[in-house]
Amino acid sequence: FRDDSPRFNITSITRLDDIKGRIIRGITLRLTTDTLTQTLVNLLREHSEAYTSDRGELRISLYDPKLNRAVNLTAQRPIAINKELISLLDGENITYSIIKQ
């Protein structure tokens, strides 16, 4: 009898809570001068105050189409990168990219 099914050897198991925060280093928001509003700033501030764990680097790439210029900024304070933040950004139609370790 020959068993052709694949076999897996588990070499280690790590709890998800132990690796959270080590997989994602940060997030980059891609904004234009039109999408950077006080409402967005307030939403990000509220999110930052509400969630204090799993924080990562916040980068903003701000583009001004009238001047055809962009500036890249890094926030001094980290922000919690979680599904609530992603939902917030999706709800505001903000383009973002995750910075992996």
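Values in this document were obtained by computation on a predicted structure and should not be read as measured data.

1. Considering the layout of surface pockets
Reported here for the largest pocket is a volume of approximately 430 Å³. Taken together, 14 residues line the largest pocket, and the ones lying closest to its centre are Val41, Leu44, Arg45, Leu58 and Ala75. Elements with a minimum of two residues in the lining of the largest pocket: α2 (38-50), β2 (55-64) and β3 (69-74). A per-element tally of the lining of the largest pocket places α2 first, with 4 residues. A class-by-class count of the residues in the lining of the largest pocket yields 9 nonpolar, 3 polar and 2 charged.

2. Observations concerning a nonpolar patch on the surface
Taken together, the side chains of Ile23, Ile24 and Ile98 make up a nonpolar region of the molecular surface, amounting to roughly 220 Å² of accessible area. Inspection of the secondary structure puts Ile98 in strand β5 (residues 95-100). Classification of Ile98 as partly exposed rests on a relative accessible area of 32%.

3. Some details on the packing of α2 against helix α3 (residues 83-91)
Look at α2 against α3: their axes get within 11 Å of each other, and the N-to-C directions meet at 170°. One element, α2, and the other, α3, form an angle in the roughly antiparallel class. Seen from α2, the contacting residues are Leu43, Leu44 and His47; seen from α3, they are Glu84, Leu85, Leu88 and Leu89.

4. Observations regarding the confidence of the model for the protein
Across the protein, the average pLDDT comes to 88, with 90% of residues at or above 70. Across the protein, the element-wise mean pLDDT spans from 67 in helix α1 (residues 16-19) up to 96 in β3.

5. Brief notes about unusual backbone geometry
Although it is not a glycine, Asn68 sits at a positive phi angle of roughly 55°. Position of Asn68 relative to the elements: it lies in the loop between β2 and β3. If you check the backbone angles, Asn93 has positive phi at about 55° while not being a glycine. Mapping Asn93 onto the fold places it in the loop between α3 and β5. Given a relative accessible area of 66%, Asn93 falls into the exposed group.

6. Let's talk about the nonpolar core
In terms of nonpolar packing, the biggest core is built from 14 residues, with Ile27, Leu29, Leu31, Leu44, Ile79, Leu85 and Leu89 touching the most fellow members. Those elements that place two or more of their residues in this core are β1 (24-32), α2, β2 and α3. Aside from chain neighbours lying at most four places away, what touches Ile79 is Ile27, Leu44, His47, Ser48, Asp54, Arg55, Gly56, Leu58 and Leu85.

How each quantity is defined
Residues numbered from 1 in each chain as written. Predicted model: local features only at pLDDT ≥ 70, side-chain atom pairs only at ≥ 80, totals over all residues. Heavy atoms only, no water. 1 Å grid on protein atoms, 1.4 Å probe; cavity = no way out; pocket = protein on both sides within 12 Å on 5 of 7 lines; lining within 4 Å. Points joined across faces, edges and corners; volume = space filled by probe spheres on them. Helix = DSSP H or I, 4+ residues; strand = E, 2+ residues; numbered from the N terminus. Nonpolar A, V, L, I, M, F, W, Y, C, P; charged D, E, K, R; others polar. Patch = residues over 30% accessible without salt bridge, like charges linked within 9 Å, V, L, I, M, F, W, Y side chains within 5 Å. Areas by Shrake-Rupley, 256 points an atom, 1.4 Å probe, with all protein chains shown as cover. Salt bridge = Lys/Arg side-chain N within 4 Å of Asp/Glu carboxyl O. Buried < 20%, exposed > 50% of the residue type's maximum accessible area, 1.4 Å probe, protein only. Axes fitted to C-alpha atoms, helices over the stretch in contact; angles between N-to-C directions. Parallel < 35°, antiparallel > 145°, perpendicular 65-115°, else oblique. Contact = heavy atoms within 4.5 Å. pLDDT = per-residue confidence, 0-100. Core = buried A, V, L, I, M, F, W, Y, C linked by side-chain atoms within 4.5 Å.

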